[in-house]
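Below are the chains, spelled out letter by letter.
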Amino acid sequence: MYTAYDFFTESEKRQFNPDGSLKLEYIEAELKNGISESWLLEMERRKKIEVDNYNRVSAKHAEQGINFGAWEMQGRIEDSKTYVQRRKQMDVDLRNFEDADSLPFDKDTAF
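Residues numbered from 1 in each chain as written. Predicted model: local features only at pLDDT ≥ 70, side-chain atom pairs only at ≥ 80, totals over all residues. Heavy atoms only, no water.

Engineer: Which residues make up the packing of aromatic side chains, and what values go with them?
Structural biologist: Taken as a whole and judged by the stated rule, the model has 4 aromatic pairs. Between the aromatic rings of F7 and Y54, the centroid separation amounts to 5.6 Å while the plane-to-plane angle is 45°, which identifies the pairing as tilted. Highlighted residues: F7 in the segment before α1 (10-15) and Y54 in helix α3 (residues 37-63), separated in sequence by 47 residues. Take F7 and Y54: they sit in the same class, and that class is buried. Each member of the aromatic cluster is reached from another via a ring pair, and the members are Y2, F7 and Y54. Over the face of the ring belonging to Y5 we find K13, whose NZ or CZ atom lies 5.3 Å from the ring centre. The residue whose ring lies beneath K47 is F8, and the NZ or CZ to ring-centre distance is 4.5 Å. (Phe/Tyr/Trp six-rings, centres within 6.5 Å; stacked < 30°, edge-to-face > 60°. Helix = DSSP H or I, 4+ residues; strand = E, 2+ residues; numbered from the N terminus. Buried < 20%, exposed > 50% of the residue type's maximum accessible area, 1.4 Å probe, protein only. Lys NZ or Arg CZ within 6 Å of the ring centre and 35° of its normal.)

Following this line, the structure appears as structure tokens:
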């Protein structure tokens, strides 16, 4: 069974505990780097909401006999298999002046 932590990026796994709280060593390092405590608290608040939402959706699906984590992971695996193809298609779409809302990725962050 998957947990929300299984869907964290590698960077997020260095920053956060499985419950969404920030790791103490990360907090200490970021405070030394000049990041405000209020921003760190906001990061933690958002991640905890994300974890709580995942847990709530997962529990709701489990009541219906659906393994939400496995379903979500399979979707990500499928998406990663078609990433290169979708990326190439986006280049063609940009050359053809397609509407930005029809593109598979944000044109400003996809590169």
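Engineer: Outline the side chain of Q15, listing residues and values.
Structural biologist: Mapped onto the secondary structure, Q15 falls in helix α1. You can call Q15 buried: its relative accessible area is 15%. Here the side chain of Q15 touches Y26 through a polar contact of 3.3 Å, side chain to side chain. (Polar contact = N/O pair within 3.5 Å; in protein donor to acceptor, adjacent residues only side chain to side chain.)

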